[in-house]
Amino acid sequence: MAFFEGFTLETVDLGGRSFRLRRGGEGPPLLMLHGNPQTHAMWHRVAPMLAQRFTVICADITGYGFSHKAPVSADHAPYAKTAMAADMTGVMRALGHDRFQLVAHDRGARVAHRLAIDFPDAVLRLALLDIVPTIEHFERADMAFAMGYWHWFFLAQPHPLPERMIRHDVEDWFDLHTSREPKDRSFFHPEARADYLAALHQPGTVEAICEDYRVAAGLDLEHDRASRAAGQRIRCPLKVLWGARGKIGAWYDPLAIWRGYADADVSGGPVPSGHYLAEEAPEAVLAALDGFLIRN
């Protein structure tokens, strides 16, 4: 299987802060954001097909992969989704794209949700994979959520507790963390897996991941509650996908929840996969995006 054939590996500098991305194809701009504990490499089975119709930009989000990593701070603010969304908007503007479509998974989808709220004129269409809004997770939390998404509470513990435990054996942690549905080490494409692990060994990546979860339980909730109180909602058409073998559809009614956060049409449904939709069921993801993403 070719790995990002036809794509270039680039970095974009935002005032001394570097962000890594892959770019390929021609046509309307399409930004793709990954989840935890991955990098942009998770899109390797989907992005080349989309690049036949779009200019596809797969970026490492703030703190992840080989993108800029702010140090640990008391308020974790550099990893607030408002800040990470501003970073990704800055990357797209640096590439000459003020308006674009956006497809995102997991933590990247939380960045994308915030981006659509904070920069509504920038996002033409939005597809979110395997999440409901962060605030909904916390406000609906029960024993099933606490046990199933225990990592939310582990990673949010004060520095350096989770970092020290992860660094005891980073590769073992990666395998355990990505096995919410059982899988062996051959599950991920070898080049993708190597990229994920290389990124985790970069100084600051593990801290950034933990900061992402710490801020989700604090400042992100403050921002989300303020936006909800102010009536700020997603204004563009929204596609919501989730893994049929994962937790999102089992715990929630994703479409009903997202309709409470969006003014335009909300469509979507499950795909035959676990949590890693784009790597497990790329054909189903592509089929769901076909007709939703616009070419002009």
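Residues numbered from 1 in each chain as written. Predicted model: local features only at pLDDT ≥ 70, side-chain atom pairs only at ≥ 80, totals over all residues. Heavy atoms only, no water.

How would you explain the environment of threonine 205 if you had to name every residue and give the values?
With respect to the helices, strands and loops of the structure, threonine 205 is situated in helix 10 (residues 205-216). In the structure, threonine 205 is positioned 23 residues away from proline 182 in sequence and 25 Å away in space, judged by C-alpha atoms. Setting aside residues up to four positions removed in sequence, threonine 205 forms contacts with Gly63, Gly65, Lys69, Ala199 and Leu200. Within the local environment of threonine 205, its side chain forms a polar contact with the backbone oxygen of alanine 199, the two atoms lying 2.7 Å apart. (Helix = DSSP H or I, 4+ residues; strand = E, 2+ residues; numbered from the N terminus. Contact = heavy atoms within 4.5 Å. Polar contact = N/O pair within 3.5 Å; in protein donor to acceptor, adjacent residues only side chain to side chain.)

Mind laying out the environment of aspartate 142, listing which residues take part and the relevant values?
Among the secondary structure elements, aspartate 142 is positioned in the loop between helix 4 (134-139) and helix 5 (143-148). Once the C-alpha coordinates of aspartate 142 and alanine 199 are considered, the two residues, 57 residues apart in sequence, prove to be 33 Å apart. At a separation of 3.2 Å, a polar atom in the side chain of aspartate 142 contacts the main-chain amide nitrogen of alanine 144.

If you had to explain the packing of helix 2 (residues 81-94) against helix 3 (residues 106-118) to someone new, which residues and values would you point to?
Each pair of packed helices gets described by two things: the angle between the helix axes and the distance between those axes. One can describe the packing of helix 2 onto helix 3 by two numbers: an axis separation of 8 Å at closest approach and a directional angle of 80 degrees. It follows that helix 2 is roughly perpendicular to helix 3 by the angle criterion. Between helix 2 and helix 3, the residues in contact are Lys81, Thr82, Met84, Ala85, Met88 and Thr89 and Arg107, Arg110, Val111, Arg114, Leu115 and Asp118, respectively. (Axes fitted to C-alpha atoms, helices over the stretch in contact; angles between N-to-C directions. Parallel < 35°, antiparallel > 145°, perpendicular 65-115°, else oblique.)

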